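Inside the fold
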Amino acid sequence: ASSFVIDTPEGFERRTPTADRSVLPSRVAPSGRTVGGGERVGRPVRPAPPPTPVAPAFDAAPDFELATASGDAVTKQTLAGEVSVFYFWGTWCVPCRVFSPLVSGLVDAFEGEPVGVYGLAVRERDAVAPAEYLAEKGYKHTLLLGSPDSGRVGADAVARAFRVRVYPSIAVVGAEGELVGFFRPERGVEPSETIGQVESAVREYLENHSDKLGG
């Protein structure tokens, strides 16, 4: 055991270290300045001030040309002044069978407010199937298809413009054509929770951008 004993070198003294490691014993720095003896080394860290709340800036949503089942044109200009919920779906989409009734419920949730809820049918062979499906289920959101000039029955071109990769996907477009939010199914997240996120995004927009609505 004696071989592990460390003698105190000449010119030094042995001290018991303190619990606060920011307090160091006195020593002579290379510059010749004496540091220590209870002096704290380094500057105290001040907490950062809380960030100033800033309204989020939204990017512009892609331009779109759509049509209702009766052939009425739907564009950014025709939807100006309202918040639009774009639900990208298809009669072939299995997860959409769970999401569609929840999306339809948003119509009731925002009744009387400047909010439109639209189902953009994609990859459809004809316009009859999606129209009959919504009617059969009693869904309340408005069916949108490709514009007559697009040469496509469904809203495929608009889905590509919004970079939809997963079905269903939901885009929230603001009153001035800005993209407020984009939502899609996530592993471990219930569909009702996803629709709840959509509803929260719309309500936050209505609260913070009332000056843009109704124009």
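Note: the structure precedes this text.
Residues numbered from 1 in each chain as written. Predicted model: local features only at pLDDT ≥ 70, side-chain atom pairs only at ≥ 80, totals over all residues. Heavy atoms only, no water.

**Some points on the overall build of the protein**
Helix and strand counts for the protein come out as four helices and nine strands. Listed by position from the N terminus, the elements making up the protein come as β-β-β-β-β-α-β-α-β-α-β-β-α. When burial is assessed residue by residue, the protein has 37% of its 215 residues classed as buried. (Helix = DSSP H or I, 4+ residues; strand = E, 2+ residues; numbered from the N terminus. Buried < 20%, exposed > 50% of the residue type's maximum accessible area, 1.4 Å probe, protein only.)

**Quick look at the nonpolar core**
General note: in soluble globular proteins, nonpolar side chains tend to be found buried as a group. Judged by nonpolar contacts, the single largest core of 48 residues is most densely connected at Leu66, Phe86, Phe88, Leu120 and Phe162. Apart from residues no more than four positions distant in its own chain, Leu66 is found in contact with Asp72, Ala73, Val74, Phe86, Leu120, Leu144, Leu145, Ser147, Ala155 and Val158. (Core = buried A, V, L, I, M, F, W, Y, C linked by side-chain atoms within 4.5 Å. Contact = heavy atoms within 4.5 Å.)

**A look at the sheet that holds strand β7 (residues 142–146)**
Strand order in the open sheet formed by seven strands is β4-β3-β7-β6-β5-β8-β9, with mixed pairing between adjacent strands. In this open sheet, the two edge strands, each paired with only one partner strand, are β4 (73–75) and β9 (179–183). For this sheet the average axis-to-axis angle between neighbouring strands, irrespective of direction, equals 30°. The strands touched by helix α2 (residues 128–137) are β5 (83–89), β6 (115–121) and β7; relative to β7, the strand with the most contacts, the crossing angle is about 175°. Strands in contact with helix α4 (residues 191–208) are β5, β6, β8 (169–173) and β9; relative to β9, the strand with the most contacts, it is inclined by about 175°. (Pairing = 2+ DSSP bridges. Axes fitted to C-alpha atoms, helices over the stretch in contact; angles between N-to-C directions.)

**A word on the pattern of salt bridges**
With the rule as written, the count across this model stands at six salt bridges. Two residues, Arg203 and Glu113, come together in a salt bridge whose shortest N-O distance is 3.5 Å. With a gap of 90 residues between them, Arg203 in helix α4 and Glu113 in the loop between α1 (96–109) and β6 connect regions that are remote in the sequence. Exposure remark for Arg203: the relative accessible area of 35% places this residue in the partly exposed category. (Salt bridge = Lys/Arg side-chain N within 4 Å of Asp/Glu carboxyl O.)

**Observations regarding the packing of aromatic side chains**
Aromatic rings considered in pairs are described by the distance between their centres and by the relative angle of their planes. Throughout the structure, instances matching the rule amount to nine aromatic pairs. Taken together, a centroid distance of 6.4 Å and an interplanar angle of 0° make the contact between Tyr87 and Trp89 stacked. An aromatic cluster is present here, built from Phe64, Phe86, Phe88, Tyr118 and Phe162 joined pairwise through their rings. (Phe/Tyr/Trp six-rings, centres within 6.5 Å; stacked < 30°, edge-to-face > 60°.)

**Brief notes about the environment of Arg160**
For Arg160, the position within the fold is in helix α3 (residues 156–161). With 98 residues separating them along the chain, Arg160 and Pro62 place their C-alpha atoms 9.8 Å apart.

**Remarks on unusual backbone geometry**
Most peptide bonds take the trans configuration, and most residues that are not glycine carry a negative phi. Look at the link from Tyr167 to Pro168: it is a cis peptide, with omega at 0°. Topologically, Pro168 is positioned in the loop between α3 and β8. We note that Arg123 has phi near 60°; this positive angle belongs to a residue other than glycine. By relative accessible area, Arg123 is classed as exposed at 53%. The phi angle at Arg163 is positive, at roughly 55°, despite the residue not being glycine. In this structure, Arg163 sits in the loop between α3 and β8. A residue is classified by how much of its surface remains accessible, and Arg163, at 63% relative accessible area, is exposed.

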